[in-house]
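So you can see what is in the structure, the chains are spelled out below.
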Amino acid sequence: MKPIAVLIIAMALLAGIVPHFTDCQSQGKAIELPNGKTLPMKCHWTTQAELTLAVPLALCGVFLGFRPANERRSELAMLTIVLGSFIALVPTVLIGVCAKSDMLCSAVMRPTLLVSGILAAGAGLFYLILDFRQGGSKP
Amino acid sequence: MNLARLIVRNTARNGYRSGIIFCCSLLLAAMPFGITFLTEGGRAGLHSAMDRLGADLLVVPENLAVKVETALLTGKPFPVWMARENLNKVARVPGVAQVSPQLYLATLSGASCCSASEMFIMAYDPATDFTLRPWLAQNLGRDLATNEVLGGSQIYPSDLQGNLLVYGTQLHLKGNLAHSGTGLDRTLFMTFETAREVARMSATRAMQKLTIPANEISAVLVKLEPGADPWSVANYIEHENSDILAIQSPQMVQSTRKEFTGLMRIIVLVVVLVWLLSIAVAGLVFSLAAHERRRELGVLRALGSSRGFVLRLLLGEAVILALTGAASGIALCLAIAYWFHDAIVYFLNIPFLFPPPAVLFTLILGGVLIATLSVMTAAFFPIWRASRMEPAQAMRE
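Residue numbers restart at each chain and count upward from 1, following the sequence in its written direction. As they are written, the chains are lettered A onward and the ligands numbered 1 onward, keeping that order. This being a predicted model, a pLDDT of at least 70 is required before a residue's local features are given, and a value of 80 or more before pairs of side-chain atoms are given or counted; all residues contribute to the totals for chains, interfaces and linings. The basis for every side-chain value is the complete set of non-hydrogen atoms in the structure, without hydrogens or water.

**Focus: a nonpolar patch on the surface**
What makes a patch is a set of residues exposed beyond 30% relative accessible area and free of salt bridges, joined within 9 Å when like-charged and within 5 Å when nonpolar (Val, Leu, Ile, Met, Phe, Trp, Tyr). Computed by Shrake-Rupley with a 1.4 Å probe, the accessible areas treat only the displayed protein chains as cover when residues are assessed. Throughout this description, the term salt bridge denotes a Lys or Arg side-chain nitrogen within 4 Å of a carboxyl oxygen of Asp or Glu. A contiguous nonpolar patch, built from Trp45(A), Val82(A), Phe86(A), Leu89(A), Val93(A), Leu94(A) and Ile95(A) and spanning about 620 Å² of accessible area, is present on the exposed surface. Looking at the secondary structure, you find Trp45(A) in helix H2 (residues 42-65). Numbering of helices and strands runs from the N terminus, with a helix taken as a DSSP run of H or I at least four residues long and a strand as a DSSP run of E at least two residues long.

Here's what the structure looks like:
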């Protein structure tokens, strides 16, 4: 099942890297306050949050690729589902991105994170179903 | 074991071979479907832009016509100014029934005094407007009051009371227009009075003052008398006034359409090449598979299976893989279009709308048919040759 582990790692890389090039900060945009200071837009905080989710997700993918024992695999699969779900929820519900659909963070970052989160969670679910069907026997 | 079960088991048994055919079929369906879907979506968006404007002619400064077109299609604001006296000049042209001025403004970029960055603002004159007033009469029952605004489908209020902050002034969002797939979805509509009030207050409330030049407007919307020829009227306007351009509604998006067509030609060329390559790979894989399975097919023949049975078996495998591949390819295209339609608009700089259901259904059916027929064409000759092989010869080789 190495291709599925590779898919999880690829999704983690997407979630960790793409936001850094598609948030408003990377395009030189920020909220300017009356006192002249600038404040990052919320897509920037989404980018930071995604990085903290992408690193453990990538590790889950790496460990799952090493064919762990079934018990460990189930735990990793559940963690993958949770991380994948949060990767999809951060840009849509928990933090969000800029509202204007013609901004790069809204046009590219949000759908990319949504798709990568859903695919990662789906891959975790696949491992979980696989374990369930194998009935907890050692590989 | 009946034929259908044998087909399914044969397909599942050799995952690698089936996977390659599946991928070829996926490409064969996704490529033509994707390109046609994109073209139809772009066309629907361009038509929508023309319909939403609701004017027969749009009069703009001569050298800024393309910029205005881009602003209307993509919602990227651009300052356009011309003398207000052009309004009266256009109104006097024979064939013109109604004229209405517009101001094109924009919110500041990333400023805390504006709740949306670089938002396109279109100010209209309620006394002469004929594009928004029908909508307002139907949905609001009255005109917009001062500090009330109307938004495109993608304009959202910044607080729970439905307010928007524009140049430090709270404006109340009274409603949203239907989705058009164009820049008008990201446009804020307000009356001249509201625009001037915002400009006046911006001096003290905004980070940068909004300036509306006195006696200047951005564009003139023109409604023609019934039976008037748009081309003749547009020519007359341009002939009488050298510094303005009258764009006819069907030509409103001409330059975008040209760019879009040019881009599509390149994409179509790439798609055709990939398509031909996919057919060649599918044919090659079927040819290799038929050669690899000659003993198996020889045994089947020796056990009493007819040539027709072997032919149906191999064609059945090809059909299953072609259909599943095509369905997956089309589903993938639709998923990409659904999730990434804003990215398509962002990168291709065109408006995009999902084609109407009837067109979409025809495209899906066409995509599945093209992929299935292409795989069958590629597979038929190797399959036919394998089915014609004598059992003894097949098992001996």
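**Quick word on the pairing of strand S5 (residues 148-151) of chain B**
Residues and elements named next belong to chain B. Burial of the side chains of S5 extends over both faces: Glu148 and Leu150 are buried on one face and Val149 and Gly151 on the other. Only when DSSP finds a minimum of two bridges between them are two strands counted as paired. As defined by bridge partners, S5 adjoins strand S7 (residues 169-176) across three bridges and the pair is classed as parallel. Its bridge partner lying in S7, Val149 is registered against Leu173. Two elements, S5 and strand S8 (residues 187-191), share two bridges in a ladder whose sense is antiparallel. The residue bridging Gly151 from the neighbouring strand is Leu188, located in S8. Only protein chains enter the accessibility calculation, which uses a 1.4 Å probe; a residue is then buried when its area is under 20% of its type maximum, exposed when over 50%, and partly exposed in between.

**Remarks on the side chain of Glu50(A)**
Residue and element names in this part refer to chain A. Within the secondary structure, Glu50 sits in helix H2. His is not counted, nor are the chain ends; Lys and Arg add positive charge and Asp and Glu add negative charge. No salt bridge is formed by the buried Glu50. Its closest oppositely charged neighbour is Arg110, at 11 Å. Discounting residues that sit within four places of it in the chain, Glu50 has contacts with Ala15, Pro19, Phe86, Ile87, Val90, Pro91 and Leu113. Between two residues, a contact is recorded if the distance between any of their heavy atoms is within 4.5 Å.

**Concerning the packing of aromatic side chains**
All names here are of chain B. Side-chain rings of Phe, Tyr and Trp, where Trp is taken by its six-membered ring, are said to pair if the distance between their centres is within 6.5 Å; with planes under 30 degrees apart they count as stacked, over 60 as edge-to-face, and otherwise as tilted. One pass over the structure, following the stated rule, counts six aromatic pairs over all chains. Pairing Tyr104 with Phe120 gives two aromatic rings, centres 5.4 Å apart and planes at 70°, and the pair type is edge-to-face. Linking Tyr104 in strand S3 (residues 96-106) with Phe120 in strand S4 (residues 120-124), this pair joins segments that are 16 residues apart in sequence. Taking the relative accessible area as the measure of exposure, Tyr104 reaches 2% and is therefore buried. Ring geometry for Phe381 and Trp384: centres 6.5 Å apart, planes at 25°, overall stacked. Taken together, the residues span about one helical turn, with Phe381 and Trp384 both in helix H11 (residues 357-388) at a distance of three residues. Chaining the aromatic ring pairs together yields one cluster made of Phe33, Phe37 and Phe354.

**Notes on the pattern of salt bridges**
For the structure on display, the rule yields nine salt bridges over all chains. In this structure, Glu75(A) and Arg72(A) form a salt bridge, with 3.7 Å as the shortest nitrogen-oxygen distance. Linking Glu75(A) with Arg72(A), this pair stays in helix H3 (residues 70-94), spanning three residues, or about one helical turn. Linked by salt bridges that have partners in common, Arg13(B), Arg293(B), Glu296(B) and Glu317(B) make up one network.

**Comments concerning the interface of chain A and chain B**
Taken together, the contact between chain A and chain B spans 20 residues of the former and 19 residues of the latter. Put simply, buried area is how much 1.4 Å-probe accessible surface two parts lose in total, over both of them, once they are put together. Together chain A and chain B conceal approximately 1600 Å² of surface at their shared face, both sides included; 65% is due to carbon and sulfur atoms. Here chain A and chain B share zero salt bridges between them. We call two N or O atoms a polar contact when they sit within 3.5 Å, provided that within protein one can donate a hydrogen and the other can accept it, with sequence-adjacent residues counted only if both atoms are side-chain atoms. Scanning the region where chain A abuts chain B turns up zero residue pairs in polar contact (both at pLDDT 80 or more). Counting only elements with at least two residues in the side of chain A that touches chain B, the list comes to strand S1 (31-32) and helix H4 (104-134) of chain A. If one sorts the elements of the side of chain A that touches chain B by residue count, H4(A) sits on top with eight residues. Broken down by class, the residue content of the side of chain A that touches chain B amounts to 14 nonpolar, two polar and four charged. Any residue outside Ala, Val, Leu, Ile, Met, Phe, Trp, Tyr, Cys, Pro, Asp, Glu, Lys and Arg is labelled polar, Gly included; the first ten of those are nonpolar and the last four are charged.

**What to know about the nonpolar core**
Only buried residues count toward a nonpolar core. Its members are Ala, Val, Leu, Ile, Met, Phe, Trp, Tyr and Cys residues joined through side-chain atoms within 4.5 Å. One finds Val59(B), Leu188(B), Val222(B) and Ile237(B) to be the most contacted residues of the largest nonpolar core, which totals 43 residues. Residues contacting Val59(B), with those up to four places away along its chain left out, are Met82(B), Val90(B), Ala219(B), Val220(B), Val222(B), Ile237(B), Ile244(B), Leu245(B) and Ala246(B).

**Brief notes about the confidence of the model for chain B**
On average, residues of chain B score 84 in pLDDT, and 94% of them are at 70 or above. For every residue, the pLDDT score states the predictor's confidence, bounded by 0 at the bottom and 100 at the top. The spread of mean pLDDT over the elements of chain B runs between helix H12 (residues 391-396) of chain B, the lowest at 71, and strand S9 (residues 216-217) of chain B, the highest at 92.

**Looking at the environment of Ser74(A)**
Residue and element names in this part refer to chain A. If you trace the backbone, Ser74 turns up in helix H3. Residue Ser74 is classed as buried on the basis of its relative accessible area of 18%. For the pair Ser74 and Ile129, spaced 55 residues apart in sequence, the C-alpha separation works out to 9.0 Å. Other than its neighbours up to four places away in sequence, Ser74 contacts Leu128 and Asp131.

**Considerations on the sheet that holds S4(B)**
Residues and elements named next belong to chain B. Spatially, nine strands are ordered S6-S7-S5-S8-S4-S3-S10-S1-S11 in an open sheet, and the strand pairing comes out mixed. Each end of this open sheet is capped by a strand with a single partner; those strands are strand S6 (163-166) and strand S11 (244-248). Looking at each pair of strands side by side, their axes are set apart by 35° on average, direction ignored. In this structure, S6 lies alongside S7, joined through four bridges in antiparallel fashion. Paired with Leu165 across the two strands is Gln170, which belongs to S7. Seen against the sheet, helix H6 (residues 192-205) touches S3, S4, S5, S6, S7 and S8 and runs at an angle of roughly 100° to S8. For helices, the fitted line uses only the C-alpha atoms of the stretch in contact; every axis is such a line through C-alpha atoms, and the angle between N-to-C directions lies from 0 to 180 degrees.

**Some words on the packing of H2(A) against H4(A)**
Residue and element names in this part refer to chain A. Where H2 contacts H4, the two axes come as close as 12 Å, and the packing angle between them is 25°. Considering the angle they form, H2 stands roughly parallel to H4. Between H2 and H4 lies a crossing whose hand is left-handed. Together, Cys43, Thr46, Thr47, Glu50, Leu57 and Leu64 of H2 and Cys105, Met109, Leu113, Ala120 and Tyr127 of H4 make up the contact between the two elements. Any angle from 65 to 115 degrees is called roughly perpendicular, while one under 35 is roughly parallel, one over 145 is roughly antiparallel, and all others are oblique. Take the far helix as your reference; a near helix turned counterclockwise from it by less than a right angle gives a left-handed crossing, and one turned clockwise gives a right-handed crossing.

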